Amino acid sequence: MSPILTSPRFLSRVMGLDAASCLLTGAIQCAATAPLSALTGLPSALLGYSGLFLLVYAAAAAWMASRAAPPRVLIALVAVGNLGWALGCLALLAGGRLQPTALGAAWLGLQAVVVLALAAAQWAGLRATSPRRRPALQA
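Along each chain, numbering runs from 1 in the same order as the chain's sequence is written. Reporting of local features is limited, given that this is a predicted model, to residues whose pLDDT is at least 70; pairs of side-chain atoms are given and counted only at 80 or more, and all residues count toward the totals for whole chains, interfaces and linings. Note: side-chain values were computed over all heavy atoms of the structure, leaving out hydrogens and water.

## Points about the side chain of Ser 50
Counting from the N terminus, the helices are the DSSP runs of H or I reaching at least four residues and the strands are the DSSP runs of E reaching at least two. Within the element layout of this structure, Ser 50 appears in helix 4 (residues 44–66). The rule is simple: take the accessible area with a 1.4 Å probe, protein chains only, and divide by the maximum for that residue type; under 20% is buried, over 50% is exposed, in between is partly exposed. You can call Ser 50 buried: its relative accessible area is 17%. In the analysis that follows, any N or O atom pair within 3.5 Å is treated as a polar contact, provided that within protein one partner can donate a hydrogen and the other can accept it, and provided that, for residues neighboring in sequence, both atoms belong to side chains. There is a polar contact of 2.8 Å between the side chain of Ser 50 and the side chain of Gln 29.

The following block contains the structure:
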């Protein structure tokens, strides 16, 4: 098992990265909804509402990152949610209902890649630090 994954701060750092990426993406989508829509071919409503969601989520992820003991159940839910977000981005690309520009396809694809990487790191950190995986102390 990698010492990085078993570090007591690994999950907190991953959640901090998740919070930072969501804060940045959400802020861009909220602050520049109309120009971003024109550049990406993605609907303004999709960008604006998902941007607001990302800002709220960023606050929750930052809270999880700040805990001395990471809230394991919440982080597991986040990992599943990140997988869902990635699948949603890919479904938007493949569904044919939207006609994103090349930049729009890249925007959705980049989000899918980032959240898949975060989900993998969150899941790996949870597995590596599972109480069931720790060796029993011997007297």
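## Some thoughts on a nonpolar patch on the surface
Only residues whose relative accessible area exceeds 30% and that form no salt bridge enter a patch; like-charged residues are grouped when within 9 Å of one another, and nonpolar side chains (Val, Leu, Ile, Met, Phe, Trp, Tyr) when within 5 Å. Areas reported here follow the Shrake-Rupley algorithm with a probe of radius 1.4 Å; residue values treat only the protein chains shown as occluding. Each reported salt bridge corresponds to a side-chain nitrogen of Lys or Arg within 4 Å of a carboxyl oxygen of Asp or Glu. The grouping of Leu 83, Leu 87, Leu 90, Leu 93 and Leu 116 at the surface amounts to a nonpolar patch, some 400 Å² of accessible area in total. Take the nonpolar patch: its biggest share by element is four residues, from helix 5 (residues 72–94). Relative to the helices and strands, Leu 116 is located in helix 6 (residues 102–128). Exposure remark for Leu 116: the relative accessible area of 38% places this residue in the partly exposed category.

## Things to note about the nonpolar core
The nonpolar core is taken to be a set of buried Ala, Val, Leu, Ile, Met, Phe, Trp, Tyr and Cys residues, with the residues joined through side-chain atoms within 4.5 Å. Counting residues in each nonpolar core, the largest one holds 13 residues, and the members touching the most others are Met 15, Cys 22, Tyr 57, Ala 61, Met 64, Ile 75 and Val 78. Only helix 2 (10–31), helix 4 and helix 5 provide two or more residues apiece to this core. Per element, the largest residue contribution to this core is six residues, and it comes from helix 4. Excluding residues that lie within four positions of it along the chain, Ile 75 makes contacts with Leu 11, Met 15, Met 64, Pro 70, Gln 122 and Leu 126. Within the second largest apolar cluster, ten residues are counted, among which are Leu 98, Leu 108, Ala 112 and Val 115. Residues are treated as being in contact if the distance between any of their heavy atoms lies within 4.5 Å.

Function-wise, these values are silent; they only describe arrangement.
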